[in-house]
Amino acid sequence: MNSNQSFITVGKSPLRADARDKVRGKGIYIDDMRLPGMLYGKVLRSQYAHARILMIDTSEAERLPGIIGIVTGEELPFIHGESFPDEPLLARGKVRYMGEGVAAVAAVDEETAEKALGLIKVEYEELPALFDPVAAAAPGAVRIHEEMESYKGKPLVRPVKGTNILNHVQFERGDVNQGFAQADHIFEDTFTTPAQQHCSIEPHGSICLIDKDDNISLWTNNDSPYRCRIEIADALHIPMTKVRIISAPYTGGNFGGKGGLKAEACAIALAWKIRNVPIKVLYTREEEFCSSIIRHPSVIKIKTGVKNGGTILAREVTTYWATGAYAEKGPTVSRFGGISSAGPYNIPNVKINGYLVYTNTPVAGAMRGYSGPQTSWAYESQMDIIAAKLGLDPLELRLRHVYQDGDIHTATGQIIHAEGLKKCLEEVAVRMEWQGKTLGPNQGRGIACMERAVKTPFGSAAFVKVNEDGTVDILSSTTEVGQGSETILRQIVAEELGVPLNAVRKATPDTAYTPYDASTTSSRSTFHMGNAVKIAAADARQQILQLAGKLLSTDPVNLTLADGKVLDKENPVKVMPIAAVLGQSYGSSGTVLGRGYYFPEMPEGQETYFSSQVVFWLLGAHGIEVEVNRRTGEVKILKVYAAHDAGKAIHPDNVKGQILGGISMGLGYAAYENYEFKEGNVLNPSFLSYKLPTAVDMPGVVPVIVEQEHQDGPYGAKGVGETTNVPLPPALANAIYNAVGIRIKSLPITPDKVLAAMQERGEGESQ
Amino acid sequence: MERITLNVNGQSHQLNIKVNETLLDVLREQLGLFGTKKGCDSGACGACTVIIDGEPALSCMILAVRCQGREILTIEGLAPEGELHPLQESAIEHGAVQCGFCTPGWLMSAKALLDENPAPSRREVQAAIAGNLCRCTGYKQIEDAILAVAKK
Ligand code: FES
Ligand code: FES
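Computed from a predicted model, the values in this text were never measured in an experiment.

What counts, and where the lines are drawn
- Residues numbered from 1 in each chain as written.
- Chains lettered and ligands numbered in written order.
- Predicted model: local features only at pLDDT ≥ 70, side-chain atom pairs only at ≥ 80, totals over all residues.
- Heavy atoms only, no water.
- Helix = DSSP H or I, 4+ residues; strand = E, 2+ residues; numbered from the N terminus.
- Buried < 20%, exposed > 50% of the residue type's maximum accessible area, 1.4 Å probe, protein only.
- Domains from an automatic or database assignment.
- Contact = heavy atoms within 4.5 Å.
- Buried area = accessible area lost by both parts, 1.4 Å probe.
- Salt bridge = Lys/Arg side-chain N within 4 Å of Asp/Glu carboxyl O.
- Polar contact = N/O pair within 3.5 Å; in protein donor to acceptor, adjacent residues only side chain to side chain.
- Nonpolar A, V, L, I, M, F, W, Y, C, P; charged D, E, K, R; others polar.
- Expected span 1.5 Å × (residues − 1).
- Phe/Tyr/Trp six-rings, centres within 6.5 Å; stacked < 30°, edge-to-face > 60°.
- Lys NZ or Arg CZ within 6 Å of the ring centre and 35° of its normal.

Describing unusual backbone geometry
Residues and elements named next belong to chain A.
No. 1: Following T456, the chain continues into P457 via a peptide bond in cis, with omega recorded as -10°.
No. 2: The amide bond that connects L747 to the next residue, P748, takes the cis arrangement and shows omega of -10°.
No. 3: Positive phi, close to 50°, is recorded for E433, a residue that is not glycine.
No. 4: With respect to the helices and strands, the residue E433 is situated in the loop between α12 (421–431) and β18 (443–453).
No. 5: In this structure E433 comes out as partly exposed when scored by relative accessible area, which is 43%.
No. 6: Non-glycine residue D563 carries a positive phi angle of around 50°.
No. 7: As for its placement among the helices and strands, D563 is situated in the loop between β22 (559–562) and β23 (565–568).

Here is the structure:
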C-alpha cells in the first residue's frame, strides 16, 4: 500500500503548534472566556440518592442582592439524551442520584450564586434506592424510571418492560450448550469493576446565551459540537438551526467525559429562563466526581468450555452494567461491550447477555476504552486462569486463538482485515523476553490484550480553504482536547497540498461555520476526519491546478504542487508559488475551497448490534513485570510493555504520548483509583482522597507502535489513543498471579486485597 | 475590600481585593493572567502553581492579601514577551504537552526546581512535579523535557 511511498510530513513527528500557545499560558480554555455582561450560574444538588421532591422554596434566595434569577426543573419540561432521552435539565418530580441538579441560580458573581444555594429550601420524601446493578436488574425491584416505557429511544436500544433494565444486548453464535458439552473443562468466574472518573484536569464548563426568539449560542468544552447541537435541539423542541455550538479553542482533557450535556444542561436551564444575557457554569472538582460522569461499574460472569489441549470451544458472558440514574451513552457502551465480551478470539460458540441497568448512582457513560476496560478485565483474567489450570503458556494460548486477517469476527460476522493484534502480542513478548528471561523471587510477569470496535458508521466533513497568501485553513469540527488531532489533520493537508506545515491552520469548531462531524470520540478522528480533510485537500489541489493552468497557459494535468509552488512537470522553468496563483485569481478568476466528506460504506451488520459492520478495530497488548511483597501485599510494577496498532502512525511521537498517557490511566484504574461510595454518596470527591497516579508512581514504560495498515485509512492509519489504557489491569492481575499465585477478580488491586488473599493462604502479615 | 500592592512578573499593581480572595482568583479575574489554571481550587492538582519569592506555591491556597510585598512569578512572566524559556522550548520539543491544562503549573514547578538544583536526577524531577497532576501524558515526556534543560 503506502509503506514504500515517501512522505513530507506524514510519519514524521513535527512539533505541535498548539503546544506553543499552551506553554506560554496563552491557550484559551472555556474558563478563560469572558462575555460582556456575563452572569455566573451555580447548581443546588440533591442530598438523596432517590427521593420525591415535595417542595422547592426559592423565595429567600431570590431576595439576595446580586441574584438575577433561579430556575427549577418544574419550569423546564424537557428531557435529553443521545440514544435514549430520559434526563431532565434539572430534576423534575424526583431525584435519582445524590448530586443531581435540583435548582440553578444565576448571579453577578460566583460567590453570590453559591451563597444563594444555601438559601433554597427543598423538601424530599426519601425512596428506597438501588446501588448494585444485579439487584437493580431483578424483577420486582423498585423502579428508578417508572415512565421508562414512554421514552423514545433509538431502535437499537432494547429496554425490558417493567424493570430497571434499559438495554438488553443479546446474541448467540453457534451453540454454546453443545460447545460446553464437548469441552473437557468448564471455567466459571465472576469479575467486578468499579467506577472511575475521567479526572480531566480542566472541569466541564459552558456559557449559554439565548435570545427572545430561542436562538441559542453555547460556548463549551464539549467534545462534539454537532452531536451536542442535535441533543439540545431535540430536547428543547426547537429547530437545530437555532442552536449554535462554539467550541472553546482548547479543551483541557476529555477521555469521553465531555460528550454529553453536563455544564451545558445547567447553563441552558438558566439561559432558557434568563434571556439575552450570557450565563456561565463551571463545574467544581466535587461536581466532576459527583455530578458529571463516570465509567460504568460492572459485574461480569464468564463461562468458558475448553478442550484438554487448550482449544476454546464455547464462551458465555453475562454482564451487568450499572449505568447510574440516566442512560447517557450507556446503551452504546453496553452494545460495544457485547460485541467484544468474548474477547478478540476465534471461539465457535458464543453467547452474550448484557444488561444495562439503572441505579441510584452518578451517571455512567463514555470513558476512554468505552467498555473495553470491563470486558478485557474479565476475558483476559480468565485466559490466564485457563492457561494455569491446563499448564499452558498464557501467551501461546492467546496466539492460538486471536483473530487474524481473513478470520470471521464471531459477534459481527465480518471478515477481519488490518488486524495487528497478533503482532502486538508478539512485539510485547519479544521486548519482555517472554521466552528465556528469568525473574527474581516474588517477581512475576503477565500479558493481556484487547479489541474494541470503533464507532461505525458515522460521517465526517471538512473544508480546506486556501487563502490569497497561500496559507491554508482547515474547517473541521473535530475538537482539540489534547489528543493532537489538530496537528494530524494539518499534516495530512500539508502532505496533500505540498505546502509547509506551518502554512496550515485548523479552525476552532463552530456549527455555524465548520461542517458536520459525528463526534470527536472513539479514536475515530484520524481515520474519519483524516479521510475527510484528505479528500477536501485533493479537491483544493485540483482547483489550484486549474487556476494555475489558466495563468501559466498550461493544461492543468501537466502541473503539480510541491514546496508551496505550482510546477510544470515538463517545463521546469514554469514555476509559480501557490500564493501568487491565488493572489492573482482571488477576486477575478476564482477561489479555492476544497470540500471533503467521508463515510465508511460498510455492509450491513449481523443482526443489529451496529447498523453496519465495524470499519476498524482498536487493538493492543500489554505486558507487565511485578514484584509482590508477601508481607504487606504491596505490588511494585517493574516495567510495562505496551504495543498498540496504529495502522500507520501519522505522528509517531503523538502515538507514543497516547500510549504513555493511557498507561497512567490504566494504572490508575488497576491500582490507585478507589471511588468510594456509601449508599450512593461519593465519599472521596477530591484529588486528595481519590488518588491519581503522579510522576513518582509511574513505572518505566516501553511503548511500541505496531503498524498494520488499513486499506481505507488515510495513509493506512487507524485510531489508537482510546484504548491504550485497556489491557493494563488484567496484565497486572496476571503478573501478580504469576509472582505469588493469587488471583484478584475485583478492581482496583489494592495492597489490602492482595494481603487478604495471601492471608487466606496463611501468608502475609496479619493485622 | 482591602487595598494591596501585588508584585507580579516584575510589575507592581495596586488592587482592591476582598480579604477572602485567593491569589489564583486575583491573578485571573483582576489581572487577566489566565495562564494560571484552576483545576480543583483545593490544593490538590497543581494546575495553579506559581512561584512566590522563588518557591513554588499553589495560588488557590494562598490569600492574595498575604502576597503583599512578595515577588510573584506566573507563566506569563517565565520568558520575555515573544520569547520562550528553555523549559518551554523543551516542553514543545519533547511532546510534553497534550491538553495543556497542567502545563503552566508543572513548568513553574520545574523552574523553581532548576533554580534551586540545576542538575536534578529523574527521581528529583519526579518529586518536584509530584504535586502537578497530569491526566494526559503519563509524565514521562514532561520529565524528559525538564531533564533535557537541566543537562544544558
Ligand atoms: S487549582 Fe490549585 S491545586 Fe488545583
Ligand atoms: S497535558 Fe492534559 S493534564 Fe497534562
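Let's pick the thread back up.
Side note on the domain arrangement of chain B
Residues and elements named next belong to chain B.
No. 1: Domains assigned within chain B are domain 1 (2–78) and domain 2 (86–149).
No. 2: Measuring from the centre of the C-alpha atoms in domain 1 to the corresponding centre in domain 2 gives 21 Å.
No. 3: At the interface, 17 residues of domain 1 touch twelve residues of domain 2.
No. 4: A buried area of about 1200 Å², summed over both sides, lies between domain 1 and domain 2, and 71% of it is on carbon and sulfur atoms.
No. 5: Counting every contact that joins domain 1 to domain 2 gives zero salt bridges.

A few points about the interface of chain B and chain A
No. 1: Across the boundary between the two partners, chain B contributes 44 residues, which contact 50 residues of chain A.
No. 2: Buried surface at the junction of chain B and chain A, summed over both partners, amounts to about 3800 Å²; 58% is from carbon and sulfur atoms.
No. 3: Linking chain B to chain A there are six salt bridges.
No. 4: As a salt-bridge pair, R28 of chain B and D31 of chain A come within 3.2 Å of each other at their nearest N and O atoms.
No. 5: Linking chain B with chain A are 18 residue pairs in polar contact (both at pLDDT 80 or more), by the criterion used here.
No. 6: Looking at the side of chain B that touches chain A, the elements with two or more residues in it are α1 (23–30), α2 (86–93), α3 (103–116), α4 (122–128) and α5 (140–151) of chain B.
No. 7: For the side of chain B that touches chain A, the leading source of residues is α2 of chain B, giving four residues.
No. 8: Per-class residue counts for the side of chain B that touches chain A are 21 nonpolar, twelve polar and eleven charged.

Brief notes about the side chain of D473 of chain A
Residue and element names in this part refer to chain A.
No. 1: Note on placement: D473 falls in strand β20 (residues 472–476).
No. 2: Within the structure, D473 has its side chain in polar contact with the side chain of R505 (distance 2.9 Å).
No. 3: Apart from the residues lying within four places of it in its own chain, the contact partners of D473 are F463, V464, K465, N467 and R505.

Points about α5 of chain B
No. 1: Taking 1.5 Å of rise per residue, the twelve residues of α5 of chain B would be expected to cover 16 Å, and the 16 Å separating its terminal C-alpha atoms lies within 8% of that figure.
No. 2: For α5 of chain B, every residue scored as buried is listed here: Q141, I142, E143, D144, A145, I146, L147, V149 and A150 of chain B.
No. 3: Where α5 of chain B is buried, its residues touch α16 (652–672) of chain A together with α2, α3 and α4 of chain B.

Concerning the packing of aromatic side chains
Residues and elements named next belong to chain A.
No. 1: In this structure the tally under the stated criterion is 19 aromatic pairs over all chains.
No. 2: Ring centres of F289 and Y690 lie 4.9 Å apart, and the angle between their planes is 55°; on these two criteria the pair is classed as tilted. Taken together, the residues span a long stretch of sequence, with F289 in helix α8 (residues 285–292) and Y690 in the loop between β29 (681–682) and β30 (700–706) at a distance of 401 residues. For the residue pair F289 and Y690, the accessibility class agrees, reading buried in each case.
No. 3: Look at Y675 and F677: their rings are 5.0 Å apart centre to centre, the planes differ by 20°, and that puts the pair in the stacked class.
No. 4: Here the aromatic cluster, defined as three or more aromatic residues joined through ring pairs, consists of F289, Y675, F677, F687 and Y690.
No. 5: Over the face of the ring belonging to Y669 we find R295, whose NZ or CZ atom lies 5.0 Å from the ring centre.

Some words on the domain arrangement of chain A
All names here are of chain A.
No. 1: Domain boundaries assigned for chain A yield domain 1 (19–27 + 458–598), domain 2 (33–127 + 201–253 + 258–291) and domain 3 (372–452 + 614–762).
No. 2: In this assembly, 19 residues from domain 1 lie in contact with 19 residues from domain 3.
No. 3: The contact between domain 1 and domain 3 buries some 1300 Å² in all, and 60% of this surface belongs to carbon and sulfur atoms.
No. 4: For the pair domain 1 and domain 3, the number of links is zero salt bridges.
No. 5: Run the count over domain 1 and domain 3 and you get eight residue pairs in polar contact (both at pLDDT 80 or more).
No. 6: Counting only elements with at least two residues in the side of domain 1 that touches domain 3, the list comes to α13 (485–497) and α14 (525–552).
No. 7: Residues belonging to the side of domain 1 that touches domain 3 are distributed by class as follows: four nonpolar, twelve polar and three charged.

Brief notes about the pattern of salt bridges
For side chains of opposite charge, pairing can occur when their charged atoms come near one another.
No. 1: The final tally for this structure, using the stated rule, is 48 salt bridges over all chains.
No. 2: Residues R761 of chain A and E763 of chain A are paired through a salt bridge, measuring 2.8 Å at the closest nitrogen-oxygen approach.
No. 3: By relative accessible area, E763 of chain A is classed as partly exposed at 24%.
No. 4: Where R70 of chain B meets D53 of chain B, a salt bridge forms, and the shortest distance between an N and an O atom there is 3.4 Å. Here D53 of chain B lies in the loop between β3 (49–52) and β4 (55–58) and R70 of chain B lies in the loop between β4 and β5 (71–73), a separation of 17 residues in the sequence.
No. 5: Look at R70 of chain B and you get partly exposed, because its relative accessible area is 31%.
No. 6: The class for D53 of chain B is partly exposed, based on a relative accessible area of 44%.

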